[in-house]
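# Notes for the structure review
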Amino acid sequence: LNNEAFIMNTLRSRGFGVVYSRSRIGEWEKRNRCPENDRLCEEAVWLTQNMLLGPRRDMDQIAEAVGKIAEYAGELGRG
């Protein structure tokens, strides 16, 4: 999340520059680097809440899809 353009634009905005020094903002950026979290976000399967509100049949299809992802994870990682 800390790599998102909107966060970087906010941190480098004039308003933040008035309140925080460049060094303080730079320190925040360093403290909030989370490469493993960034990797996890890129590789994760994201399901929105409304996807889980359907009937049992939908849940079964979601579970089947996640199972297929797990089954072929090695091949997907090489792709």
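Above: the structure in question.
Computed from a predicted model, the values in this text were never measured in an experiment. Starting afresh in each chain, residues are numbered from 1 along the sequence in its written order. Local features in this predicted model are restricted to residues of pLDDT 70 or higher, and side-chain atom pairs are both shown and tallied only at a pLDDT of 80 or more, whereas totals for entire chains, interfaces and linings draw on every residue. Side-chain metrics in this entry use all non-hydrogen atoms of the structure; hydrogen atoms and water are not considered.

## Here's the deal with the packing of aromatic side chains
In this scheme Phe, Tyr and Trp rings, the latter by its six-membered ring, pair at centre separations within 6.5 Å, and the angle between planes marks the pair as stacked below 30 degrees, edge-to-face above 60, and tilted otherwise. By the definition in use, this model includes 1 aromatic pair. Taking the centre distance of 5.6 Å and the plane angle of 35° together, the rings of F16 and Y20 count as tilted. The classification of residues rests on relative accessible area computed with a 1.4 Å probe and restricted to protein chains. Under 20% of the type maximum is buried, over 50% is exposed, and intermediate values are partly exposed. Judged by its relative accessible area of 33%, Y20 is partly exposed.

## What to know about the environment of R33
As for its placement among the helices and strands, R33 is situated in the loop between α3 (22–31) and α4 (35–43). Overall, the relative accessible area of 56% leaves R33 in the exposed class. Expressed as a C-alpha distance, the spacing of R33 and G17, which sit 16 residues apart in the sequence, is 21 Å. Helical segments are the DSSP runs of H or I of at least four residues, strand segments are the runs of E of at least two, and each set is numbered from the N terminus.

## Describing the state of the cysteines
What counts as a disulfide here is a pair of cysteine sulfur atoms lying within 2.5 Å. All told, the structure shown has 0 disulfides when counted by the stated rule. Cysteine C34 shares no disulfide, and the gap to the nearest cysteine sulfur, in C41, comes to 9.4 Å.

## Topic: the side chain of E29
Structurally, the position occupied by E29 is in helix α3. Any pair of residues with heavy atoms lying within 4.5 Å of one another is described as a contacting pair. If we ignore the near neighbours within four places in the chain, the residues touching E29 are M8, L11 and R12.

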